[in-house]
Structures are given as structure tokens and as C-alpha cells.
Amino acid sequence: MHPELIQAEIDLEAIGHNIQQLRSVLASPSPRFMAVVKANAYGHGAVSVANKAIETGADMLGVARVEEAIALRKAGISHPILIFGATPIHRIPDLIDFDLTQSVGTFLLADMLSSQAAAACKSIAIHVKVDTGMGRLGVLPAPSRISGLGKLLGGTALREVESICHLPGLEVEGIYTHFANADDPDLDFAKDQLDRFLDFVQALKRRGMEFAIRHAANSAAILRFPESHLDMVRAGISMYGYYPSEATRRPDVDLRPALSFKSRIVHIKTVPAEFSISYGRTYKTPAPTRIATIAAGYADGFSRSLSSRGHVLIQGQIAPIVGRVCMDLTMVDIGRIPEAGINDEVVLIGRQGDRQITADDLARLQNTISYEILTSIGQRVPRIVRSASC
């Protein structure tokens, strides 16, 4: 098999392993498990990851947009799929045609869903989204006790959800919320969010509305907030082998990064001291050395912010990035790696020999998070699925 100039290698066995690790710490009785495969499964390839998650016992899949869900259906996946984000009015028929479950946070959206479902003599499954402190999507119950604002909006939200539940053509299957900072060392706000959510659900129950699936726990809450596991948990970044933060790391959960990001050396030159490298001439060699050009740039998701800061692995050794990262190419100093040659493998994320570069390592250099590093890997980068033996 001829190697690509750049590729992302996906270890599906690591995905399966991570799911098993996460399931092992779920509260009892064991809740359902949602595999979050939005954003092309965090850059890992949605179809192959979804199939592996289902094989490993996932009960439901989560995506951000209707297009992502349709792509899974067209790939032959029939498992339940929840769309977290808004669906445009003209795409509502797709929810019916592809048997998709829609998140609903307003009566207005629910009413539009109801009208089109009734017109088609069909039903649309929905999960009601509740905003308990994320400030993003969802009906808004009473403000947080921590905020000191008091209970101002609870009654309005109850009436709105009650109206949603009484609309024809909707199958109200679940209700959920999302934590704003369950990955922080201090869980006080997350606990307050959970209390508000459960109080709201209980108030709805007193009005005669019950939900088969209550869910709140994201990756961080799966790892450190068992009270929030409820009827289903939603695993995102942890399924791909990364802890959401240092505060969520635990010794009894062995998460393995599932993605490696690799390129190749396409050119080598020997240069003198004071030789300038790349755009803007921001870097000059301090001594004679060898410069390798690799087939990776910011259009592939290898960030320009790594210019003269990051490093890659070649022949199991560290090769520093020199000069500005370009759109399609990056230069590295291989003066201390005399054995390096044209077409050698270059590891941008992953392991080579005894050394490893993780998405967390790149995130620290770029002042961001592993989520952004992984999801930024470009669509022109082929995803190659590897078995455990490869």
C-alpha cells in the first residue's frame, strides 16, 4: 500500500476500548449510552466511528446538524440519532423521511414540527432541551440559585414545555440539559444546574408530563459526576481518547487517543547559517543545518500558530518547526537527525518510537483545547482506518 503525503489514521479498537472504559464507571442501574459523532466524529470519520460505537453497545448517536444525520442514514446506519442543533424549516421533512430525532427548545420550532408531521400523517420524535446555565439553546427555567436572581422564569418555561408536549404529531421521547463547566475542579455550578434540571422535570411530572429519557452527563460528568448519569449519558471527547480537562482525569479510566495525524518529508536542503525560512523571513538558521519540507499546512489543520514554536517527530526524534507554517507545507530542522530522508514518516499527532505528541500538547501551544485540534483536521486529509495489528 502506497503511503499518502498526509493522512489521519483512526484506530477503531481504541474507540471501542474507550467506550468500554466509560461504561465501566456509569452509575447503577446502567444508563443508556449516546455516542456523540458530530463534526465528522470529532475529525475521526463519522460513519466508521458510529458503526464501531454501535458494535460496542451505543444506544443512540448524537450529531449537531441534520446534514450529519442524513449522511449516517445514507451510509446504512439505522440507529436512533438525536440532532442537538436547530434544523431549518425547509429541512423538517428530512426529519420525517430519515426517521431522525430533533432537539426542541422553543414552542415555535415545536409547532412547525407538529404542523409538518400532521400534514404527512407521521410523527417526529423530539427531546426537549432545557437551558440550566449554558446560555445557549433551550427553554429557560428558574435562574441559578448561585446567581442570586431568584426564580423568575420557571412558570413560563413550564407552560411552554406543557404546550410542546400537547402538540399533535410529536413523540416527546426525552428531556435534557448541558453542563457549562463540569470539567472545572469546582462542581458547584454543575450541581446547581443538575438540581434545577431535576426540579424542572419534577415540576413537569406534577403537571402530568413524564419523559422516558432524561439526560445531562457529558464526558466530564460521566467521569466525575455520577449523580448526573440519569437515564442516558453523552460521550464526546472521552470516546476519542481525551479527558476534557486535568480535573476529570482518573487512574481507573484508561483512555487511548484514537487518531494519529501523519505527513511525509517531500524535500530536504542543506543551508548555511543566517538562511531565512518561509514567509516574512521570521526565522533565520543560527548555524548550518538541514531543512526538511513536509506536506502539511494550515489548510490541513496544522495551525499557523505553531510557526517556530511546535515540533514534529521524525525517526523517533524531535524536529522543531522553523519559520511560518504555510497553507500546504511546513519546514522543520533535521540537522540533528542525519538519518532522515525523503518520504520519511512525519508524526504531527501520535506516537513514533518512545515519543508521543497528543492533541493536548498542540492545544497547550495554541492556547486552545483538544476538541479544536481534532476537529480542525481538514477534509482533504484522508482518514485511514487501522486495525489493532497495524
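What you see is a predicted model; the values in this text were computed from it and never measured.

A. Looking closely at the overall build of the protein chain. Check the secondary structure of the protein chain and you find 11 helices and 19 strands. Along the first, second and third principal axes, the C-alpha set of the protein chain runs to 80 × 45 × 40 Å. Across the 390 residues that make up the protein chain, the buried fraction comes to 53%. Summarising the internal contacts of the protein chain: among those between residues at least 6 apart in sequence, 67% fall at separations of at least 24. As displayed, the protein chain offers around 17,200 Å² of accessible surface, 51% of which is attributable to carbon and sulfur atoms. Both charge centroids of the protein chain, one from 41 positive and one from 41 negative side chains, sit 3 Å from each other.

B. Molecular detail of the pattern of salt bridges. Taken as a whole and judged by the stated rule, the model has 15 salt bridges. As a salt-bridge pair, Arg207 and Glu162 come within 2.9 Å of each other at their nearest N and O atoms. Pair noted here: Arg207 is in the loop between α8 (188–206) and β8 (213–217) and Glu162 is in helix α7 (residues 154–165), with a separation of 45 residues, a long-range link. Residue classification places Arg207 among the partly exposed positions, given a relative accessible area of 38%. A salt bridge links Arg380 to Asp300; its shortest N-O distance comes to 2.7 Å. Here Arg380, found in the loop between α11 (370–375) and β19 (383–386), pairs with Asp300, found in the loop between β13 (289–294) and β14 (311–314); they are 80 residues apart in sequence, far enough to count as distant. By relative accessible area, which is 47% here, Arg380 ends up partly exposed. In this structure, a network of salt bridges that share partners links the residues Glu9, Lys262, Glu345 and Arg386.

C. Spatial organisation of the side chain of Thr56. Locating Thr56 in the fold gives a position in the loop between α3 (46–55) and β3 (60–63). At 2.7 Å, the side chain of Thr56 forms a polar contact with the backbone oxygen of Lys52. Once you skip the residues sitting within four places of it in the chain, Thr56 turns out to touch Gly16, Ile19, Gln20 and Arg23.

D. How the structure looks around unusual backbone geometry. Along the chain, Ser28 connects to Pro29 via a cis peptide bond; the corresponding omega equals 0°. Looking at where Pro29 falls in the secondary structure, it is placed in the loop between α1 (12–23) and β2 (32–36). Here Asn343, not a glycine, exhibits a phi torsion of approximately 75°, which is positive. Take Asn343: it is sitting in the loop between β16 (330–333) and β17 (345–352).

E. Here's a closer look at α8. Taking 1.5 Å per residue, 19 residues should reach 27 Å; α8 reaches 27 Å between its end C-alpha atoms and fits that length. Taken residue by residue, α8 has Ala190, Asp192, Gln193, Leu194, Arg196, Phe197, Phe200, Val201, Ala203 and Leu204 as its buried positions. Positioned one or two residues after α8, Gly208 has a phi angle of 95°, which is positive.

F. Geometry of empty space enclosed by the protein. Using the criterion set out here, one finds 1 cavity of 30 Å³ or more in the structure. Each pocket or cavity is described by its volume, and for the largest cavity that value is around 40 Å³. Lining the largest cavity are Glu4, Ile6, Gln7, Glu9, Lys262, Ser263, Arg264 and Glu345. Residue assignment for the lining of the largest cavity shows that the elements contributing at least two residues are β1 (6–11) and β10 (259–271). When the residues that make up the lining of the largest cavity are grouped by side-chain class, the tally is 1 nonpolar, 2 polar and 5 charged.

G. Inspection of the pairing of strand β15 (residues 317–320) at higher detail. Relative to β15, β14 runs antiparallel, the two sharing 4 bridges. Bridged to His311 within β15 is Pro320. Hairpin connection of β14 to β15: 2 residues between the antiparallel strands, including Gln315 at a positive phi of 55°.

Parameters at a glance
In this numbering scheme, every chain counts its residues from 1 along its sequence in written order. Totals for whole chains, interfaces and linings use every residue, but because this is a predicted model, local features are given only for residues with pLDDT of at least 70 and side-chain atom pairs only at 80 or more, for both listing and counting. Side-chain metrics in this entry use all non-hydrogen atoms of the structure; hydrogen atoms and water are not considered. Here a helix means four or more residues in a row that DSSP labels H or I, a strand means two or more in a row labelled E, and each is numbered from the N terminus. Note on classification: 1.4 Å probe, protein chains only; a residue is buried when its accessible area is under 20% of the maximum for its type, exposed when over 50%, partly exposed between these limits. The contact criterion used is simple: two residues touch if any of their non-hydrogen atoms lie within 4.5 Å. Working definition of accessibility: Shrake-Rupley area with a 1.4 Å probe, residue cover restricted to the visible protein chains. Charged-residue counts in this description rest on Lys and Arg as positive and Asp and Glu as negative, His and the chain ends being excluded. Charge coordinates come from a single atom per side chain, which is NZ of Lys, CZ of Arg, CG of Asp or CD of Glu. Salt bridges are identified by distance alone: a Lys or Arg side-chain nitrogen within 4 Å of an Asp or Glu carboxyl oxygen. In the analysis that follows, any N or O atom pair within 3.5 Å is treated as a polar contact, provided that within protein one partner can donate a hydrogen and the other can accept it, and provided that, for residues neighboring in sequence, both atoms belong to side chains. Multiplying one less than the number of residues by 1.5 Å gives the expected span of a helix. Only protein atoms enter the calculation, which uses a 1 Å grid: trapped sets of points that fit a 1.4 Å probe without letting it out are cavities, open sets showing protein on both sides within 12 Å along at least five of seven lines are pockets, and any residue with an atom within 4 Å of a point is a lining residue. Grid points are joined across faces, edges and corners, and a volume is the space filled by probe spheres set on the points. Three residue categories are used. Nonpolar comprises Ala, Val, Leu, Ile, Met, Phe, Trp, Tyr, Cys and Pro, charged comprises Asp, Glu, Lys and Arg, and polar comprises the others, including Gly. Strands are treated as partners if at least two bridges between them are detected by DSSP.

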